[in-house]
Amino acid sequence: MSSSLTDLLAAALAARAPLIERLAAEQTDAYRLFHGTVEGAPGLTVDRYSATLLVQTFHRPLDSEQFAEMQAFYAAALPGLALVWNDRSGRHSRIANALPPEHQAQAEEPGEFSELGVRYRFQARHGGQDPWLFLDLRAARRRVMAEAAGKSLLNVFAYTCGVGVAAAKAGARHVVNVDFAESSLAVGKDNARLNALPIRLRFIKSDAFAALRQYAGLGQPKRVRGKHLPPFPALEAQRFELVFLDPPRYAKSPFGVVDLINDYAALFKPALLATAEGGTLICCNNVAQVRRDDWLEQLERSARKAGRVVREAQWIAPEADFPSIDGNPPLKVLLLRV
């Protein structure tokens, strides 16, 4: 770090002042306060989730002086907020740093925050390692809320179902959330209960491939190459007016391989076929090395092979609390009218 940590944090906070004011007017008290990759300390992030500041380190831990400096800065700049540090610089991004017992209890204390008038659950530390809502997807959730009124939505790789809850809050008539992790869906159900939703959401515990293939009308066999696949829920073929696809970088299951670099099309095709004619498919790719123009070309080619036409493509950029050096942020979100 060429400047002191305090100087970097202060510059980042000052740059966000207009955004924070706008977000507060929109009933949002969760945003990124420091994005170290662009703002002078690669691997260091600071996110606000209402009353909690979540500090995360991904390249190397903070030393005692840096941690004390950060505590002092935010105690003065944003008094009254609890600060929790999760060091994820080790293998597999697992949280490695122990906290004193009183701080551990505080980190595990359930809380809430608001984004665009939608309430969400939050814990700084829980059974997993990632926060329960990814703040860089705010722009995408904002767009879903603008698109959702009166429509059916399929939210695949739903995690804690933030997109589905936001869509229901904005007036969607039918929302289905699909994720393989019961623990994530449990948080999603809590998120739904926090909000006065006009509809009851569906939460489906399933491998994404099995769900997408069935919704797309392609079917999912119970045996492949003579081997029984794990149990999965039977789903009727159905087309949705709005589909949201946010897969992890890489995952492997008996049903298929998620590979955002080499084979996004394996997921894209059934997601596209599960999207109604004249509908909207929103795709996410969080791999920095994937060039967005190449990715768009790949999806358009895959659509043609599937007999569908991409009528319009729009990029949804992260909001100003996630600055980018070159205008090409690692997270790419693409809205397709199909």
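Residues numbered from 1 in each chain as written. Predicted model: local features only at pLDDT ≥ 70, side-chain atom pairs only at ≥ 80, totals over all residues. Heavy atoms only, no water.

Caption draft 1: Here's a closer look at the overall build of the chain. A tally of helices and strands in the chain yields 10 helices and 17 strands. Taking 338 residues into account, the globule formula puts the C-alpha radius of gyration at 20 Å, and the chain, at 20 Å, falls close to it. Counting only C-alpha atoms, the chain reaches 55 × 40 × 40 Å along its principal axes. By the burial criterion, 52% of the 338 residues in the chain qualify as buried. The contacts of the chain with a sequence gap of at least 6 include a subset with a gap of at least 24, amounting to 63%. Each charge class in the chain was averaged separately, 41 positive and 36 negative side chains, and the resulting centres sit 9 Å apart. (Helix = DSSP H or I, 4+ residues; strand = E, 2+ residues; numbered from the N terminus. Rg over C-alpha atoms; globule rule 2.2 N^0.38 Å. Buried < 20%, exposed > 50% of the residue type's maximum accessible area, 1.4 Å probe, protein only. Contact = heavy atoms within 4.5 Å. Lys, Arg positive; Asp, Glu negative; His and termini not counted. Charge placed at Lys NZ, Arg CZ, Asp CG, Glu CD.)

Caption draft 2: Quick look at helix H7 (residues 182-194). Look at H7: 19 Å from first C-alpha to last across 13 residues, which is about the 18 Å you get at 1.5 Å a residue. Three or more residues of H7 are buried, namely Ser184, Leu185, Val187, Gly188, Asn191 and Ala192. One side of H7 carries all its buried residues, which in axial view fall inside an arc of 155°. Residues of H7 that are exposed and point more than 90 degrees away from the buried face comprise Ser183 and Arg193. Its buried side turned inward, H7 meets strand S6 (118-122), helix H6 (162-169), strand S8 (174-179) and strand S9 (202-205). (Expected span 1.5 Å × (residues − 1). Arc of directions from axis to C-beta.)

Caption draft 3: How the structure looks around the side chain of Thr160. Tracing the chain through its elements places Thr160 in the loop between strand S7 (152-156) and H6. Not counting residues up to four positions away in its chain, the partners in contact with Thr160 are Trp132, Ser184, Val187, Gly188 and Asn191.

Caption draft 4: Broad picture of helix H10 (residues 292-305). Look at H10: 20 Å from first C-alpha to last across 14 residues, which is about the 20 Å you get at 1.5 Å a residue. By the burial criterion, the buried members of H10 are Trp295, Leu296, Gln298, Leu299, Ser302 and Ala303. One side of H10 carries all its buried residues, which in axial view fall inside an arc of 160°. In H10, the exposed positions that point more than 90 degrees away from the buried face belong to Arg304 and Lys305.

Caption draft 5: Region of interest: the pairing of strand S1 (residues 30-35). Across the six residues of S1, six count as buried, placing the element largely inside the fold. Bridging between S1 and strand S2 (residues 44-49) involves five bridges; their strand directions are antiparallel. Its bridge partner being in S2, Arg32 is matched across the sheet by Asp47. (Pairing = 2+ DSSP bridges.)

Caption draft 6: Representation of the pattern of salt bridges within the structure. In total, this model carries 20 salt bridges according to the counting rule given. Here Arg143 makes a salt bridge to Glu147, at a shortest N to O gap of 3.0 Å. One end of the pair, Arg143, and the other, Glu147, are both in helix H5 (residues 138-147), four residues apart, so they sit about a helical turn from each other. Looking at Arg143, the relative accessible area reads 22%, which means it is partly exposed. Of the residues examined, Glu147 reaches a relative accessible area of 10% and is grouped as buried. Through salt bridges that share partners, Glu26, Glu115, Arg138, Arg141, Arg142, Glu319 and Asp321 make up one connected network. (Salt bridge = Lys/Arg side-chain N within 4 Å of Asp/Glu carboxyl O.)

Caption draft 7: Quick look at the pairing of strand S3 (residues 52-57). Counting buried residues in S3 gives six out of six residues, a clear majority hidden from the surface. Residues Thr52, Leu54 and Gln56 line one face of S3 and the alternating positions Leu53, Val55 and Thr57 line the opposite face, and both faces are buried. Bridge count between S2 and S3: six bridges; the pairing is antiparallel. Looking at S3, one finds that Thr45 is bridged to Gln56. In sequence, S2 turns back onto S3 through a hairpin of two residues, with Ser50 there showing a positive phi of about 55°. Handedness of the β-α-β unit built from S3, helix H3 (residues 64-77) and strand S4 (residues 82-87) comes out right-handed. (Right-handed = clockwise from strand over helix to strand, strands pointing away.)

Caption draft 8: Summary view of the side chain of Thr280. Its location among the elements puts Thr280 in strand S15 (residues 275-285). Of the residues examined, Thr280 reaches a relative accessible area of 2% and is grouped as buried. Of the polar contacts made by the side chain of Thr280, one reaches the side chain of Arg337; its length is 2.7 Å. Non-local contacts of Thr280, meaning those with residues more than four positions away in its chain, are made with Glu147, Glu241, Leu242, Val243, Thr275, Leu335, Leu336 and Arg337. (Polar contact = N/O pair within 3.5 Å; in protein donor to acceptor, adjacent residues only side chain to side chain.)

Caption draft 9: Summary view of the environment of Leu53. On the secondary structure map, Leu53 appears in strand S3. On the basis of relative accessible area, Leu53 is assigned to the buried category, the value being 1%. Separated by 30 residues in sequence, Leu53 and Leu83 have C-alpha atoms that sit 4.6 Å apart. With residues near it in sequence (within four places) discarded, Leu53 still touches Leu33, Asp47, Arg48, Tyr74, Leu78, Leu81, Ala82, Leu83 and Val84.

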